[in-house]
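Structure at a glance
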Amino acid sequence: MRNRTAAGAALLLTLTACATGPSLEHRGEVTAPPGDSRHLTVGSAGFTESDLLAQLYAQLLGQAGYRTSLITVADREIYEPALESGQIDVVPEYAATFADWLGARTNGPDAPPVGSPDLAGTMTALRRLATPRGLTVLDPGRAVDQNAFAVTVAYARQHHLRTLSDLGASGLKVRLAAGDECVQRPYCAPGLKKVYGIDITGVDPKGVGTTQAKRAVQNGQDQMVLTTTTDATLGQFGLVLLADDRHLQNADYVVPVVNRARAGAERVTKALGRLNHVLTTADLAAMDQQVDSRRRLAQDVARTYLRDKGLLT
């Protein structure tokens, strides 16, 4: 995971301190036509996957004739207001997570979550929250980065497991390597028990998808690990994901979010929409691995991918 540059962070902090988005009394209506600025700033949240997505967006926009610059800001509390104000024009986001974040920001920290496993419902809720802020949420593609659960290949073969439903039906007792919060979070231990009937005997607090957690499953100390669908290191530990066939996890599909007044034009939508036809969860995981394990630059990995898919000349 990359840290933001000091210069970029200082610049953005200065800009967002004096910038203004839609006023509160007018946030229920959007009157400005979609804008088409020639120079667009693409934001990254400062971790590998966000860097890659930002590079993909920037290069596709460059292909469409825009001048682009990139800025890394790890804190959504900073980059989302900057997106509203037009200091950032485009960011990659995750549908359910961003919907819940905007919901809490709009309705207070105790507001019920609006993200769900249903993509259509999540997108409706997200756009309802984003539009009054001058933001446009573009269509999601096929790539999704959501919580996922993995077991060893040997364990899966021995017990004929392909899905979490298979694991629940097996009656096996499962110790789960995950974060502390897994004990209470509905998508984790409680959800595995309620939705799948999996007998979770305990949670081993080793973190989400950490090396320590994966090794605990690899050596048999635990039977399953909480990770993500774009974790490209599972093979190194002899692990395989079990399919979330009853859709316990929220619909965290990758979505571009743009400032409508500066980047709401159809040309931007078409340029970024080209990615939806090709980018898969597996593609994203493979690119993550190239950056994290092979130490390739995100810019180079993104360029190679786009050229291989015929999206960049």
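Residues numbered from 1 in each chain as written. Predicted model: local features only at pLDDT ≥ 70, side-chain atom pairs only at ≥ 80, totals over all residues. Heavy atoms only, no water.

1. Focus on the overall build of the chain
Each helix and strand counted, the chain has 13 helices and 10 strands in total. Every one of the 313 residues in the chain was classed for burial, and the buried ones make up 51%. Expressed as a percentage of contacts within the chain between residues at least 6 apart in sequence, the contacts between residues at least 24 apart total 77%. In the structure as shown, the chain presents an accessible area of about 14400 Å², 50% of it carried by carbon and sulfur atoms. (Helix = DSSP H or I, 4+ residues; strand = E, 2+ residues; numbered from the N terminus. Buried < 20%, exposed > 50% of the residue type's maximum accessible area, 1.4 Å probe, protein only. Contact = heavy atoms within 4.5 Å. Areas by Shrake-Rupley, 256 points an atom, 1.4 Å probe, with all protein chains shown as cover.)

2. Details of helix α11 (residues 266-273)
The set of residues buried in α11 consists of V268, A271 and L272. Viewed end-on, α11 has its buried residues packed into an arc of 90°, placing them on one side of the element. In α11, the exposed residues that point more than 90 degrees away from the buried face are E266 and K270. Lining the buried residues of α11 we find β1 (39-44), α2 (48-63), β3 (90-94), β10 (254-259) and α10 (260-263). (Arc of directions from axis to C-beta.)

3. Looking at the state of the cysteines
In total, this model carries one disulfide according to the counting rule given. With a sulfur-sulfur separation of 1.9 Å, C182 is cross-linked through a disulfide to C188. Given an S-S torsion of about -85°, the disulfide between C182 and C188 has left-handed geometry. Under the relative-accessibility criterion, C188 is labelled buried at 0%. (Disulfide = S-S within 2.5 Å.)

4. Concerning the side chain of D283
Mapping D283 onto the fold places it in helix α12 (residues 281-292). The buried charged residue D283 lacks any salt bridge partner; its closest oppositely charged side chain belongs to K309, at an N-O distance of 4.3 Å. Not counting residues up to four positions away in its chain, the partners in contact with D283 are V278, Y305 and K309. (Lys, Arg positive; Asp, Glu negative; His and termini not counted. Salt bridge = Lys/Arg side-chain N within 4 Å of Asp/Glu carboxyl O.)

5. Things to note about the pattern of salt bridges
Per the stated rule, a full pass over the model turns up 13 salt bridges. Between E84 and R133 there is a salt bridge whose closest N-O contact spans 3.0 Å. Remark: R133 occurs in the loop between α5 (119-130) and β4 (135-137) and E84 occurs in helix α3 (residues 76-85); sequence separation between them is 49 residues. Since its relative accessible area comes to 6%, E84 is described here as buried. Taking the shortest distance from any N to any O, the salt bridge between D139 and R127 comes out at 2.8 Å. Here R127 lies in helix α5 and D139 lies in the loop between β4 and β5 (147-152), a separation of 12 residues in the sequence. Taking the relative accessible area as the measure of exposure, R127 reaches 29% and is therefore partly exposed. Overlapping salt bridges, with partners in common, bring together E80, E84, R105 and R133 in one network.

6. A look at the nonpolar core
Judged by nonpolar contacts, the single largest core of 34 residues is most densely connected at L61 and L275. Secondary-structure elements contributing two or more residues to this core are β1, α2, β3, β10, α11, α12 and α13 (298-308). The dominant element in this core, judged by the number of residues it contributes, is α2, at eight residues. Residues within four places of L61 in sequence aside, it is in contact with L40, V42, Y66, T68, V90, V268, A271 and L272. Y187, A189, I200 and L242 belong to the second-largest nonpolar core, a separate cluster that totals 24 residues. (Core = buried A, V, L, I, M, F, W, Y, C linked by side-chain atoms within 4.5 Å.)

7. Side note on the side chain of T281
As for its placement among the helices and strands, T281 is situated in helix α12. At a separation of 3.0 Å, a polar atom in the side chain of T281 contacts the main-chain amide nitrogen of V144. (Polar contact = N/O pair within 3.5 Å; in protein donor to acceptor, adjacent residues only side chain to side chain.)

8. Some details on the confidence of the model for the chain
On average, residues of the chain score 91 in pLDDT, and 90% of them reach the 70 mark or higher. Note on residues 1-29: pLDDT is under 50 here. Beyond four places in sequence and across chains, it has 41 contacts. (pLDDT = per-residue confidence, 0-100.)

9. Topic: the sheet that holds strand β8 (residues 224-228)
Strand order in the open sheet formed by five strands is β7-β6-β8-β5-β9, and the pairing between neighbours is mixed. Both outer strands of the open sheet, β7 (199-205) and β9 (239-242), are each paired with one neighbouring strand and no more. This sheet shows a mean twist of 40° between the axes of neighbouring strands, independent of strand direction. Contacts between helix α8 (residues 189-196) and the sheet are confined to β5, β6 (173-178), β7 and β8, with β7 contributing the most and set at about 165° to the helix. Helix-sheet contacts for helix α9 (residues 211-218) involve β5, β6, β7, β8 and β9, and the interaxial angle to β8 is about 145°. (Pairing = 2+ DSSP bridges. Axes fitted to C-alpha atoms, helices over the stretch in contact; angles between N-to-C directions.)

10. Here's the deal with the pairing of β3
The element β3 is largely enclosed, with a buried count of five among its five residues. The alternating pattern of β3 places V90, P92 and Y94 on one face and V91 and E93 on the opposite face, and all of these are buried. Here β3 pairs with β10 via five bridges, running antiparallel. Within β10, the position partnered with P92 by the bridge is P256.

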